[in-house]
Amino acid sequence: MFFLISILAAISGIGLAGVAAFQADTGIDHSIGAYLALLGTVGVTASLLIVWGGVGGAWMRGFFAFLAGFAAILTSVAAWFLMHDALVVAMVVSFLALVLSGVTRQRKKAY
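One structure accompanies this document, and this report is about it. (Residues numbered from 1 in each chain as written. Predicted model: local features only at pLDDT ≥ 70, side-chain atom pairs only at ≥ 80, totals over all residues. Heavy atoms only, no water.)

## Section: the packing of helix H3 (residues 58-81) against helix H4 (residues 85-103)
Phase 1 of the analysis: Packing of H3 against H4 brings their axes to within 8 Å, and their N-to-C directions diverge by 160 degrees. As judged from the angle between their axes, H3 and H4 are roughly antiparallel. For the pair H3 and H4, the crossing hand works out as left-handed. Here Ala65, Ala68, Gly69, Ala72, Ile73, Thr75, Ser76, Ala79 and Trp80 of H3 come into contact with H4, specifically with Leu87, Val88, Met91, Val92, Phe95 and Leu98.
Phase 2 of the analysis: Here the residues of the contact of H3 with H4 sort into twelve nonpolar, three polar and no charged. (Axes fitted to C-alpha atoms, helices over the stretch in contact; angles between N-to-C directions. Helix = DSSP H or I, 4+ residues; strand = E, 2+ residues; numbered from the N terminus. Parallel < 35°, antiparallel > 145°, perpendicular 65-115°, else oblique. Left-handed = near helix turned anticlockwise from the far one by under 90°. Contact = heavy atoms within 4.5 Å. Nonpolar A, V, L, I, M, F, W, Y, C, P; charged D, E, K, R; others polar.)

Here it is as structure tokens:
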């Protein structure tokens, strides 16, 4: 369930970053920082969808999960510098939900 929340927060981040990058009168429209934040949210979402799809082995899914978490943190820092608080919240929620999905995962027990 937490993993789905992480994906939904990342998808909402794409919308928020898209508004910041392309809507006029935001103060950061058509800036390099806004485009980097948009690229970061797309990267987080793509990495999470690769992990969710189960592509590759366990090491590959682990690598893309790490990449998604790292990108979410970096994108939230970029959004903080752009003073786009809603995007910061979306990326932090995505990161925390990703961490919680890894911690609370059901594991098989040997009896």
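Structure's up, so let's keep going.
## With respect to H4
Phase 1 of the analysis: Spanning 19 residues, H4 covers 27 Å between terminal C-alpha atoms, matching the ideal 27 Å at 1.5 Å per step.
Phase 2 of the analysis: Taken residue by residue, H4 has Leu87, Val88, Ala90, Met91, Ser94, Ala97, Leu98 and Ser101 as its buried positions.
Phase 3 of the analysis: Among the structural elements, helix H1 (2-22), helix H2 (32-53) and H3 are those in contact with the buried residues of H4. (Expected span 1.5 Å × (residues − 1). Buried < 20%, exposed > 50% of the residue type's maximum accessible area, 1.4 Å probe, protein only.)

Remember that the coordinates give geometry; whether it matters functionally is a separate question.
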